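# Results of the structural survey
Take a look at the letters that make up each chain.
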Amino acid sequence: DAGVTQSPTHLIKTRGQQVTLRCSPKSGHDTVSWYQQALGQGPQFIFQYYEEEERQRGNFPDRFSGHQFPNYSSELNVNALLLGDSALYLCASSSRDTLIFYEQYFGPGTRLTVT
Amino acid sequence: AQSVTQLDSQVPVFEEAPVELRCNYSSSVSVYLFWYVQYPNQGLQLLLKYLSGSTLVKGINGFEAEFNKSQTSFHLRKPSVHISDTAEYFCAVSRFTGGGNKLTFGTGTQLKVEL
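Only a predicted model underlies this, so the values are computations on that prediction, with no experimental measurement involved. (Residues numbered from 1 in each chain as written. Chains lettered and ligands numbered in written order. Predicted model: local features only at pLDDT ≥ 70, side-chain atom pairs only at ≥ 80, totals over all residues. Heavy atoms only, no water.)

### Points about the overall build of chain B
What counts is decided by this rule: Each helix corresponds to a stretch of at least 4 residues labelled H or I by DSSP, and each strand to a stretch of at least 2 residues labelled E; elements are numbered beginning at the N terminus. The globule rule is 2.2 Å times the number of residues to the power 0.38, and the radius of gyration it is compared with is taken over C-alpha atoms. Burial here depends on accessible area, computed with a 1.4 Å probe over protein chains only, as a share of the maximum for the residue type. Under 20% is buried, over 50% is exposed, and the range in between is partly exposed. Areas reported here follow the Shrake-Rupley algorithm with a probe of radius 1.4 Å; residue values treat only the protein chains shown as occluding. Only four residue types enter the tally: Lys and Arg on the positive side, Asp and Glu on the negative side, with His and both chain ends excluded. Charge positions are represented by NZ for Lys, CZ for Arg, CG for Asp and CD for Glu.
The secondary structure content of chain B amounts to zero helices and twelve strands. Listing every helix and strand of chain B by position from the N terminus yields β-β-β-β-β-β-β-β-β-β-β-β. A compact globule built from 115 residues should have a C-alpha radius of gyration of about 13 Å, and chain B, at 14 Å, falls within 12% of that. Taking the principal axes of the C-alpha coordinates as reference, chain B spans close to 45 × 30 × 20 Å. Classification of the 115 residues of chain B by burial places 45% in the buried group. For chain B, the computed accessible surface area is about 5500 Å², with 49% contributed by carbon and sulfur atoms. For chain B, the separation between the mean place of its 9 positive charges and that of its 9 negative charges on side chains is 12 Å.

Have a look at this one:
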């Protein structure tokens, strides 16, 4: 049973550039959430996708956008990168159709460094 | 709004000693509670969860936690730790609001097990 997968593992970008991170949910899951974890901090919620729509959003600027595809995989896009966007980006998946909807399973993350 | 406080940023303990990691939450409504573990350069792994039922929940790797509604706490315990338990531990809360079930994390507790 494949867990949550993310790509790439590491990424280095320059200020002002744009980046796209990818996530495939755990088999059987239909909901994908994205979190940003700065060094030494707890993860912060960015947004959640279900049925290809953004269902909930955290306190992040519009530079952060996402997409969910019919196969439930998801992308996180960040435009006009700032140094402060350097962080570990975590994808989590869950199943909205079960009693364990509140259990979110995390991928290994993508380490983004902005120089 | 919901929030989580992890009172200890670091907890050093000797191998085979017991340990307790403290977590308090704030919410005006019922929430679901979780503990996650993060090993260096990895994603988050679900240790245990409280969704309903018995207030004492058991998780993986010998960890357990007790939900105390009157004290709004969800402390994590292990009777005898091992070197391999050295990691960052995050307490989190969730509830369905605004179309989604985002996780709100504490700032984490670094557990360091020493010989």
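### Some remarks on the packing of aromatic side chains
What counts here: To pair, rings of Phe, Tyr and Trp, with the six-membered ring standing in for Trp, must have centres within 6.5 Å; the planes then decide the type, stacked if under 30 degrees apart, edge-to-face if over 60, and tilted in the middle. Over a ring means this: the NZ of a Lys or the CZ of an Arg is within 6 Å of the ring centre and within 35 degrees of the ring normal.
All chains considered together, the criterion is met by 14 aromatic pairs over all chains. The interplanar angle of 70 degrees and the centroid separation of 6.1 Å between the aromatic rings of Phe106 of chain A and Phe105 of chain B together place this pair among those described as edge-to-face. Here Phe106 of chain A, found in strand β10 (residues 105–106), pairs with Phe105 of chain B, found in strand β11 (residues 103–105), and the two come from separate chains. Three or more aromatic residues joined by ring pairs form one cluster here, namely Tyr35, Phe45 and Phe106 of chain A together with Phe34, Tyr36, Phe90 and Phe105 of chain B. Lying over the aromatic face of Tyr105 of chain A, Lys26 of chain A brings its terminal NZ or CZ to 5.5 Å of the ring centre. Across from the ring centre of Tyr50 of chain A, 4.3 Å away, lies the NZ or CZ of Arg96 of chain A, which sits over that ring.

### Observations concerning the nonpolar core
Where we set the bar: Throughout this description, the term nonpolar core refers to a set of buried Ala, Val, Leu, Ile, Met, Phe, Trp, Tyr and Cys residues connected via side-chain atoms within 4.5 Å. Throughout, a residue-residue contact means that at least one pair of heavy atoms, one from each residue, lies within 4.5 Å.
By size, the foremost hydrophobic cluster in this structure holds 27 residues, and its most contacted members are Leu33, Trp35, Leu47, Leu48, Phe74, Leu76 and Tyr89 of chain B. Those elements giving two or more residues to this core turn out to be β2 (10–14), β3 (19–21), β5 (32–38), β6 (44–50), β8 (64–68), β9 (73–78), β10 (87–94) and β12 (109–114) of chain B. In terms of residue count, β10 of chain B provides more of this core than any other element does, four residues in total. When sequence neighbours within four positions are dropped, the list of residues in contact with Tyr89 of chain B reads Gln6, Leu21, Trp35, Tyr36, Val37, Leu47, Phe63, Leu76, Gly108, Thr109 and Leu111 of chain B. Of all hydrophobic cores here, the second largest spans 20 residues; its members include Leu11, Cys23, Cys91 and Leu112 of chain A.

Honestly, it's all geometry; don't read function into it.
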